[in-house]
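An overview of the molecular structure
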Amino acid sequence: MQRLLVKVLEVERKGEYWDKQGLQYSQVECLVKVKGAARKIFRLPKGIKGKRARILRQCLLPWEIKPGDSLVLDPQESKEVIRALIPPSPSQRVEESPPEHALLYSQDVNLDGLKEDILENPFLKAVIGPHYGARLWELWTKRKGQNQLCGTGNYGREGWVELGGVEESTSGMEKPDELWNADFKREGSKRQPTFNYRFSFEKEEGLEAKKGISIEPDLPIVYQVSQFKYKGKEKDKKKKKGEKISIEYCPKIFFAMGGEANFHNLFFVPTKEGLVRARYHKPAWKGRWEDEGWGWKEKWSSIAPGFVLLTNERKGDGLAILFHPRKVSFVWLGIDSRSPRLFLSHSPQKLRKEAKASYGVLFALADAYDLNQESLLLLSLGEPSSVGLPLAVILRTSKKYKRCSVTISTDGRREKLDLNPRIYPEVGKVFQNSLTIPRGFSLVGASFNQGEEFLACELKGD
């Protein structure tokens, strides 16, 4: 998504040709010097500014590129220039002895010359961009090789670009604040496997952000906690109380379930009135060049179970977004936007000096699911190993169950699997467990039957 701004130093014509419409083109090789990023929000790798590289361009005659011209390189050209000037380095392990089945490492995933942080287990691979808000940028279902998050790269007002993934804001659903492309610094981790980050706001003086993003070694779960602390402004340091600062936390999830950012994406929202099923749809009459509004048509409050399910009706992929039901004031579904998106608008808070506010979001991937107005059951398969296939079961419910179990049926063989309750701070209780099934299975299913509630889902073998 990086776009470099370069100055043309030399031009050498390599040939000419005519296209089917009778237009004449020339192919030129240009020696260029990197002037910087095409937009200030893009971060340049160290040492690249002022360096020289060569690019090939097709030019419509008589408008041929000349020495002295400035060019904006497209993302592919930018990657090639960066790769030529800064050869890709191998991945770097972050922890000496990570927990079993979980990996933490850093690697330049998108070839922009900057390293992303990666969390990986048999079910998923999560890519984090520390230099762009420490956002959860990509979330891959490893068995299918599909990224369930999305970023179109569309340009908006005041320098904003839809980088995608999970973009945070402390100003609600209004225009993005400085958090969306902040350069977070990575810190050490007390809880493995976790990446921890810190950022000090510039415009909101005295406000500091901390973020931890972790992965479960044997479950398709990524868990994120963001904490904001107000240290007070410089002029108020001698005051005991000082002024307060107001924040309205809102993570924005840009997604493409099953790798498709189209009308096959569905939202399931458990409201007080019932289970809402909404479809993402971009109006056909709107052109890509139009500046489309945010649209406020689909806003839902009081999500008591604390989850929203995103799915692809054609491929069956699911992504559950879990949150604290009493902290989220409403969810907004982006069904009129350029790409599918979900906003979790939290209740505004005012922070006094030295006060903190914490927010959590949990992401759980699924290959099959069942849900109702109060509960959600997820079934997920991981990558095969020498002993079989890892199978994970996750249950989220607003019911006050102390213990839960499911019945796992694998090609007719049934067994009981107890689900372990776990409390995720700022998200709540999630029941979960995993087991291993044979690699050559034909059909596996999970059924949950407790009281008057019944949920069931199944998966076919490859």
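What you see is a predicted model, and the numbers here were worked out from it, not measured in a lab.

So, how was this worked out
Residues numbered from 1 in each chain as written. Predicted model: local features only at pLDDT ≥ 70, side-chain atom pairs only at ≥ 80, totals over all residues. Heavy atoms only, no water. Helix = DSSP H or I, 4+ residues; strand = E, 2+ residues; numbered from the N terminus. Rg over C-alpha atoms; globule rule 2.2 N^0.38 Å. Buried < 20%, exposed > 50% of the residue type's maximum accessible area, 1.4 Å probe, protein only. Areas by Shrake-Rupley, 256 points an atom, 1.4 Å probe, with all protein chains shown as cover. Core = buried A, V, L, I, M, F, W, Y, C linked by side-chain atoms within 4.5 Å. Contact = heavy atoms within 4.5 Å. pLDDT = per-residue confidence, 0-100. Phe/Tyr/Trp six-rings, centres within 6.5 Å; stacked < 30°, edge-to-face > 60°. Lys NZ or Arg CZ within 6 Å of the ring centre and 35° of its normal. Pairing = 2+ DSSP bridges. Axes fitted to C-alpha atoms, helices over the stretch in contact; angles between N-to-C directions. Polar contact = N/O pair within 3.5 Å; in protein donor to acceptor, adjacent residues only side chain to side chain. Patch = residues over 30% accessible without salt bridge, like charges linked within 9 Å, V, L, I, M, F, W, Y side chains within 5 Å. Salt bridge = Lys/Arg side-chain N within 4 Å of Asp/Glu carboxyl O. Lys, Arg positive; Asp, Glu negative; His and termini not counted. Charge placed at Lys NZ, Arg CZ, Asp CG, Glu CD.

**Concerning the overall build of the chain**
Of regular secondary structure, the chain possesses one helix and 34 strands. A compact globule built from 462 residues would reach a C-alpha radius of gyration of about 23 Å, and the chain, at 24 Å, matches this within 12%. The principal-axis extents of the C-alpha atoms in the chain amount to approximately 75 × 65 × 50 Å. Looking at the 462 residues of the chain, the share that counts as buried comes to 52%. Of the roughly 22,000 Å² of accessible surface on the chain, a fraction of 48% belongs to carbon and sulfur atoms.

**Some remarks on the nonpolar core**
Counting residues in hydrophobic clusters, the biggest one holds 53 residues, and the most contacted among them are Leu 342 and Phe 363. The dominant element in this core, judged by the number of residues it contributes, is strand β26 (residues 356–366), at five residues. If sequence neighbours within four positions are ignored, Leu 342 has contacts with Pro 251, Lys 252, Ile 253, Phe 255, Phe 267, Val 308, Leu 310, Ile 321, Val 331, Trp 332 and Leu 333. Within the second largest apolar cluster, 24 residues are counted, among which are Ala 368, Tyr 401, Ile 437 and Ala 446.

**Topic: the confidence of the model for the chain**
Parts of the prediction with low pLDDT should not have their coordinates interpreted in detail. Averaged over every residue, the pLDDT of the chain is 89; the share at 70 or more is 91%. By mean pLDDT, the top-scoring element of the chain is strand β22 (residues 318–323) (98), and the lowest-scoring one is strand β5 (residues 92–93) (68). Across residues 288–296 the pLDDT falls below 50, and counting only partners more than four positions away or on other chains, this stretch makes 19 contacts in the model.

**Let's talk about the packing of aromatic side chains**
For the coordinates displayed, the defined rule picks out 15 aromatic pairs. With 5.5 Å between their ring centres and 70 degrees between their planes, Tyr 132 and Trp 137 make a pair best called edge-to-face. Ring centres of Trp 160 and Trp 180 lie 6.3 Å apart, and the angle between their planes is 55 degrees; on these two criteria the pair is classed as tilted. In this pair, Trp 160 sits in the loop between β10 (146–147) and β11 (165–167) while Trp 180 sits in the loop between β11 and β12 (185–187), placing the two residues 20 residues apart along the sequence. Take Trp 160: its relative accessible area is 11%, and that puts it in the buried class. By relative accessible area, Trp 180 is classed as buried at 7%. Aromatic ring contacts, followed pair by pair, group Phe 184, Phe 199 and Phe 201 into a single cluster. Just above the ring of Phe 184 sits the side chain of Lys 211; from NZ or CZ to the centre is 5.5 Å. The ring of Tyr 359 has Lys 327 sitting right over it, with the charged end atom 5.5 Å from the ring centre.

**Here we look at the sheet that holds strand β14 (residues 207–215)**
Read across the sheet, nine strands follow the order β12-β13-β14-β15-β26-β22-β21-β18-β19 without closing on themselves; strand pairing throughout is antiparallel. What marks the edges here is a single partner per strand, and that holds for β12 and β19 (274–279). For this sheet the average axis-to-axis angle between neighbouring strands, irrespective of direction, equals 20 degrees. Bridge count for β22 against β26 is six bridges, and the pairing is antiparallel. Its bridge partner lying in β26, Gly 318 is registered against Ala 366.

**As for the pairing of β26**
With respect to burial, β26 is a largely interior element, ten of its eleven residues being buried. The sheet contact formed by strand β15 (residues 221–230) and β26 spans nine bridges and is antiparallel. By the bridge assignment, Phe 228 is partnered in β26 with Ala 357.

**Topic: the sheet that holds strand β1 (residues 4–18)**
On the basis of which strands lie adjacent, the open sheet formed by four strands has the order β3-β2-β1-β4 and antiparallel pairing. With one partner strand each, in any of the chains shown, β3 (52–60) and β4 (70–72) form the two edges of the open sheet. Between one strand and the next, the sheet's axes are offset by a mean angle of 45 degrees, whatever the strand orientation. Bridge analysis of β1 against strand β2 (residues 24–37) gives 13 bridges, and the strand direction is antiparallel. Opposite Gly 15, over in β2, you have Gln 27 as the bridge partner. Its contacts with the sheet place helix α1 (residues 75–85) against β1, β2 and β3, and it is angled at close to 155 degrees to β3.

**A closer look at the pairing of strand β24 (residues 341–346)**
Looking along a regular strand, one sees the side chains alternate between the two faces of the sheet. The buried fraction of β24 amounts to six of the six residues, a majority that puts the element mostly inside the structure. Neither face of β24 is left uncovered, since the one carrying Arg 341, Phe 343 and Ser 345 and the one carrying Leu 342, Leu 344 and His 346 both have all their residues buried. Looking at chain direction, strand β17 (residues 252–254) and β24 are connected through three bridges and run antiparallel. Within the sheet, the bridge partner assigned to Lys 252 lies in β24 and is Phe 343.

**What to know about the environment of Glu 216**
Inspection of the secondary structure assignment puts Glu 216 in the loop between β14 and β15. A residue is classified by how much of its surface remains accessible, and Glu 216, at 8% relative accessible area, is buried. Expressed as a C-alpha distance, the spacing of Glu 216 and Phe 123, which sit 93 residues apart in the sequence, is 9.8 Å. Within the local environment of Glu 216, its side chain forms a polar contact with the side chain of Arg 422, the two groups lying 2.4 Å apart.

**Observations concerning a positive patch on the surface**
Together, Lys 7, Lys 33, Lys 35 and Arg 52 make up a region of like positive charge exposed at the surface. The exposure class assigned to Lys 35 is partly exposed, which follows from its relative accessible area of 37%.

**What about the side chain of Asp 317?**
Inspection of the secondary structure assignment puts Asp 317 in the loop between β21 (307–312) and β22. Engagement of the side chain of Asp 317 in a polar contact is seen with the side chain of Gln 148, the distance being 2.9 Å. In this view, Asp 317 contacts Lys 144, Gln 146, Gln 148, Met 257, Gly 258, Leu 310, Thr 311, Asn 312, Ala 366 and Tyr 369; residues no more than four positions away in its chain are not counted.

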